[in-house]
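Chain residues, written in single-letter form:
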Amino acid sequence: MKPIHLLGVIPFLGILGGIFIANRVTPYVLGMPFNLFWLVMWVVLISATMAVIYHLDPANREEHSS
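Please read all numbers here as calculations on a predicted model, not as lab measurements. Residue positions are given per chain, counted from 1 along the sequence in the order it is written. The predicted nature of this model means local features are confined to residues of pLDDT at least 70 and side-chain atom pairs, given and counted, to a pLDDT of 80 or more, with totals for whole chains, interfaces and linings taken over all residues. Side-chain metrics rest on all non-hydrogen atoms present in the structure, leaving aside hydrogens and water.

Chemist: Just give me the short version of the packing of helix H1 (residues 3-17) against helix H2 (residues 34-56), but keep the residues and values in it.
Modeler: Here an axis means a line fitted to C-alpha atoms, over the contact stretch when the element is a helix, while the angle between two N-to-C directions is reported on a 0 to 180 degree scale. Here a helix means four or more residues in a row that DSSP labels H or I, a strand means two or more in a row labelled E, and each is numbered from the N terminus. Running from N to C, H1 and H2 cross one another at 170°; their axes reach a closest spacing of 9 Å. One element, H1, and the other, H2, form an angle in the roughly antiparallel class. Contacts between H1 and H2 involve Ile4, Leu7, Gly8, Ile10, Pro11, Gly14 and Ile15 from the former and Trp38, Leu39, Trp42, Ile46, Thr49, Met50, Val52, Ile53 and Leu56 from the latter. Here the term charged refers only to Asp, Glu, Lys and Arg, the term nonpolar to Ala, Val, Leu, Ile, Met, Phe, Trp, Tyr, Cys and Pro, and the term polar to all other amino acids, Gly among them. For the contact of H1 with H2, the class distribution of residues is 13 nonpolar, 3 polar and no charged. To sort the angles, those under 35 degrees are grouped as roughly parallel, those over 145 as roughly antiparallel, those from 65 to 115 as roughly perpendicular, and the leftovers as oblique. The criterion used for residue contact is that any of the two residues' heavy atoms lie within 4.5 Å.

Chemist: Any chance you could break down the UniProt feature "transmembrane region" (unreviewed entry) in the protein chain for me, citing the residues and the numbers?
Modeler: UniProt positions are given in the numbering used here, feature names are shortened, and annotations may be inferred rather than shown by experiment. Feature annotation in UniProt assigns "transmembrane region" (unreviewed entry) to the following positions: residues 7-30 and 36-56. Structurally, residues 36-56 comprises 100% helix and 0% strand, and the distance from its first C-alpha atom to its last is 30 Å.

Chemist: Lay out the nonpolar core in plain terms, naming residues and giving numbers.
Modeler: Within the largest apolar cluster, 6 residues are counted, these being Ala22, Met32, Phe34, Phe37, Trp38 and Trp42. The element that contributes the greatest number of residues to this core is H2, accounting for 4 residues. Residue contacts for Met32: discarding those within four places in its chain leaves Pro27, Phe37 and Val40. In this description, a nonpolar core means a group of buried Ala, Val, Leu, Ile, Met, Phe, Trp, Tyr and Cys residues linked to one another through side-chain atoms lying within 4.5 Å. Note on classification: 1.4 Å probe, protein chains only; a residue is buried when its accessible area is under 20% of the maximum for its type, exposed when over 50%, partly exposed between these limits.

Chemist: Talk me through the packing of aromatic side chains; I want residue IDs and the actual numbers.
Modeler: Any two of the Phe, Tyr and Trp rings considered here, Trp counted by its six-membered ring, make a pair once their centres fall within 6.5 Å; the pair's planes then place it as stacked at under 30 degrees, edge-to-face at over 60, or tilted in between. Scanning the entire structure with this criterion turns up 3 aromatic pairs. Residues Phe34 and Trp38 carry aromatic rings whose centres are separated by 6.2 Å and whose planes lie at 45° to one another, so their mutual orientation is tilted. Of this pair, Phe34 and Trp38 both sit in helix H2, 4 residues apart, roughly one helical turn. When the ring of Trp38 is compared with that of Trp42, the centres are 6.3 Å apart and the planes differ by 55°; the resulting orientation is tilted. Here Trp38 and its partner Trp42 are both found in helix H2, 4 residues apart, which amounts to about one turn of the helix. For the pair Trp38 and Trp42, one class covers both residues: buried.

Structure follows, in structure tokens:
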């Protein structure tokens, strides 16, 4: 399995697998219950991960002539 594919699995595990670990209301983080904070944090991390995957993808490195 290529490293780029492993990067695509990380968000899946964080959102769906981690919610069982983060299933708590307390403590509050940034004024949000921990469960909500966990989901918001992963939405931001998914965006960052997808940007990294986009830059690592060899198909996006080629110059496209128009």
